[in-house]
Amino acid sequence: MKNIILVVSAFLLVFTLSISGQTPEKPHVVILTTGGTIASRSDAPSLEGNALVQAVPQILDYASVRVEEIARTGSSRITPKIWLRLGKRINEIFSQDSTVSGVVVTHGTDTMEETAYYLNLVVKDDRPVVMVGSMRSANVISADGPSNLLQGVRVATKTHSKNRGVMIVMNDEINSARDAWKTDNQRVQTFRSTDHGVLGYADPDTVIFYRNPSHLHTINSVFQLDEVEILPEVPIVIDYAGFDGSTIIHWKDRNPAGIIVQTFAGGRMSSGALDGIRRATADGIPVVIASRVPGGRIPGSPPIAGTILARDLPAHKARVLLMVALADHSHKETLTSIFNQY
Ligand code: ASP
């Protein structure tokens, strides 16, 4: 009986709104644009934020949207300054407007992993933040941008997308910001969460999730960077067969906040890297050891006392985590536990 009453009231609500010319209110989504191939046309200047969204009118079937342009650049030009701006703006939007159901960020795919993981660490809300991009520009046959944007907005409207951290939605797949790697230089199926698998799918009939992110993120993250103006300098140095360690020494002498060394499988390294890392840690510089191999993690304890293992994080994401952790000085002593949790 209760169910019948509910169905009848829902019917009456929709009926009343449609005869009065109104439609039931759609979820509100804010779209923040930064540029990238999704906004580009090979024969013309890149699309301004509103034009990008107007090209996909189907979005309005699912959401009412507001568009803000944060940047208009290829993602190889995205900088930590832009990460800070984006993170602060998203926190501002969520804290000022409880009617916003989620935020979509359009972004080039080349450094989407870094921006997505940064936001995963600093956004202080459980509402969905979805990154979308495209591999094909707007004017080519089978451009993937419109569909990715539409699916990203759909994911951002769903209450069951909450508390899943920042997500990358491309090619109908929903991947966790922490786990996704760009794996193909050209194909639309480029983001994969190698060992962990997708979080879910944006299918035509529904948005479905199969798992939650396994590491701390967003509202459970301890990092508070809204007052930070500049992120600390953390370079990445690459180990290779026959490396003499000179680039580590070069960086050590510049006294950066930390150094990431991308080494071989399992965190094994050349004797040059070993020597360079010993000298950097002796100077009190935090050194994180990452593996260049995409599958598995660096097991066990660090090969050099005082260093930190990135485990399964690639060097470019280990850099983001170290920058965020060192921006908040209270975390310098707990870096090992941070790298095990985030
Ligand atoms: N060049 C592009 C970028 O901004 C590539 C892309 O978006 O797919 O990253």
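Starting from 1, residues in each chain are numbered consecutively following that chain's sequence as written. In view of the model being predicted, local features appear only for residues whose pLDDT reaches at least 70, and side-chain atom pairs are presented and counted only at 80 or more, with totals across whole chains, interfaces and linings using the full set of residues. Excluded from the side-chain calculations are hydrogens and water; all other atoms, namely the structure's heavy atoms, are used.

In short, DSSP must find at least two bridges between two strands for them to pair. Here a strand is any run of E in DSSP of at least two residues, a helix any run of H or I of at least four, and the numbering for each starts at the N terminus. Taken together, 4 strands build an open sheet; the order of strands is S11-S12-S13-S14 and the sheet is parallel. Across the chains shown, the open sheet's two edge strands, defined by having one partner strand only, are strand S11 (236-238) and strand S14 (308-309). For S11 and strand S12 (residues 259-263), the ladder comprises 3 bridges, and the chain directions are parallel. Residue pairing across strands places isoleucine 238 opposite glutamine 262, the latter belonging to S12. In what follows, a contact means two residues having at least one pair of non-hydrogen atoms within 4.5 Å. All axes here are fitted lines through C-alpha atoms, helices being fitted over the stretch that makes contact, and every angle between N-to-C directions spans 0 to 180 degrees. Relative to the sheet, helix H6 (residues 246-253) contacts S11 and S12, its axis offset from that of S12 by approximately 170°. Contacts from helix H8 (residues 315-327) reach S11, S12 and strand S13 (287-291) within the one sheet, and its direction differs from that of S12 by about 160°.

A word on the packing of helix H3 (residues 80-96) against helix H4 (residues 112-122). Between H3 and H4, the least distance of the axes is 10 Å, while the angle of their chain directions is 45°. In terms of orientation, H3 and H4 fall into the oblique class. Handedness of the H3/H4 crossing: right-handed. Contact residues: Trp83, Leu84, Leu86, Gly87, Ile90 and Asn91 in H3; Glu114, Thr115, Tyr118, Leu119 and Val122 in H4. Under the scheme applied here, ten amino acids are nonpolar (Ala, Val, Leu, Ile, Met, Phe, Trp, Tyr, Cys and Pro), four are charged (Asp, Glu, Lys and Arg), and all others, including Gly, are polar. Residue composition of the contact of H3 with H4, by class: 7 nonpolar, 3 polar and 1 charged. Orientation is classified from the angle alone, with under 35 degrees giving roughly parallel, over 145 giving roughly antiparallel, 65 to 115 giving roughly perpendicular, and any other angle giving oblique. Left-handed describes a crossing whose near helix is turned anticlockwise from the far helix through less than a right angle; right-handed describes the clockwise counterpart.

Quick look at the pairing of strand S3 (residues 100-106) now. Counting buried residues in S3 gives 7 out of 7 residues, a clear majority hidden from the surface. In the sheet, strand S1 (residues 28-33) pairs with S3 via 6 bridges, with the strands oriented parallel. Within S3, the position partnered with threonine 33 by the bridge is threonine 106. Here S3 pairs with strand S4 (residues 129-132) via 4 bridges, running parallel. In the sheet register, valine 103 faces S4, and the bridge partner there is valine 129. Since S3 and S4 lie parallel, the crossover through H4 that links them has a hand, and here it is right-handed. Here the term buried applies to any residue with accessible area under 20% of the maximum for its type, exposed to any over 50%, and partly exposed to those in between, with areas from a 1.4 Å probe on protein chains only. Assignment of crossover handedness uses the view with strands pointing away from the viewer, where a clockwise path from the first strand over the helix to the second indicates a right-handed crossover.

Turning next to the site of the ligand. Note on terminology: near, applied to a residue and a molecule or strand, indicates that one of the residue's heavy atoms is within 4 Å of it. Taken together, the neighbourhood of the ligand is formed by Gly36, Thr37, Gly74, Ser75, Gly108, Thr109, Asp110 and Ser134. Contact distances for the ligand include 3.0 Å between an oxygen atom and a backbone N or O atom of threonine 37. What qualifies as a polar contact is a pair of N or O atoms within 3.5 Å, subject to a donor-acceptor requirement within protein and to the restriction that residues adjacent in sequence count only when both atoms come from side chains. A distance of 3.0 Å is found between an oxygen atom of the ligand and a backbone nitrogen or oxygen belonging to aspartate 110. All accessibility values rest on the Shrake-Rupley procedure with a 1.4 Å probe; residue burial counts only the protein chains present in the view. When the ligand sits alone it has 260 Å² of accessible area, and the protein chains cover 83% of it. Considered class by class, the residues forming the shell around the ligand number no nonpolar, 7 polar and 1 charged.

It is worth spelling out H8 at this point. The span one expects for a helix is its residue count, reduced by one, times 1.5 Å. With 13 residues, H8 should reach 18 Å at 1.5 Å per residue; the first-to-last C-alpha distance of 18 Å fits that figure. Among the 13 residues that make up H8, 11 are buried, leaving the element largely enclosed by the rest of the structure. Along H8, the positions that sit buried rather than exposed are Ala315, Lys317, Ala318, Val320, Leu321, Leu322, Met323, Val324, Ala325, Leu326 and Ala327. Looking at the buried side of H8, the elements it contacts are H3, H4, S11, S12, S13 and helix H9 (335-341).

This part is about the confidence of the model for the protein chain. Mean pLDDT for the protein chain: 92, with 93% of residues reaching 70 or above. In the predicted structure, residues 1-21 sits below a pLDDT of 50 and forms 3 contacts with residues beyond four places in sequence or in another chain. Confidence of the predictor at the level of single residues is captured by pLDDT, which takes values from 0 to 100.

Attention shifts here to the nonpolar core. Ile90, Tyr118, Leu119 and Phe339 are the most contacted members of the largest nonpolar core, which totals 57 residues. Per-element accounting of this core gives the leading share, 10 residues, to H8. Those residues in contact with leucine 119 that sit more than four places away from it in its chain are Trp83, Leu86, Gly87, Ile90, Val105, Val129, Met131, Val166 and Thr218. Membership of the second largest hydrophobic core comes to 26 residues, among which are Leu52, Val130, Val132 and Ala202. What makes a nonpolar core is a set of buried Ala, Val, Leu, Ile, Met, Phe, Trp, Tyr and Cys residues whose side-chain atoms join them at distances within 4.5 Å.

A few words on helix H5 (residues 145-157). If you check H5, its first and last C-alpha atoms are 18 Å apart, about what 13 residues at 1.5 Å a residue would give, namely 18 Å. Summarising burial for H5: 11 of the 13 residues are buried, a large majority. Along H5, the positions that sit buried rather than exposed are Gly145, Asn148, Leu149, Leu150, Gln151, Gly152, Val153, Arg154, Val155, Ala156 and Thr157.

Moving on: the packing of H4 against H8. Between H4 and H8, whose axes approach to 9 Å, the crossing angle comes to 35°. Where H4 crosses over H8, the two elements pack in a sense that is right-handed. Counted together, Glu113, Glu114, Tyr117, Tyr118, Leu121 and Val122 of H4 and His316, Lys317, Val320, Leu321 and Val324 of H8 form the full contact between these two elements. In terms of residue class, the contact of H4 with H8 is built from 7 nonpolar, 1 polar and 3 charged.

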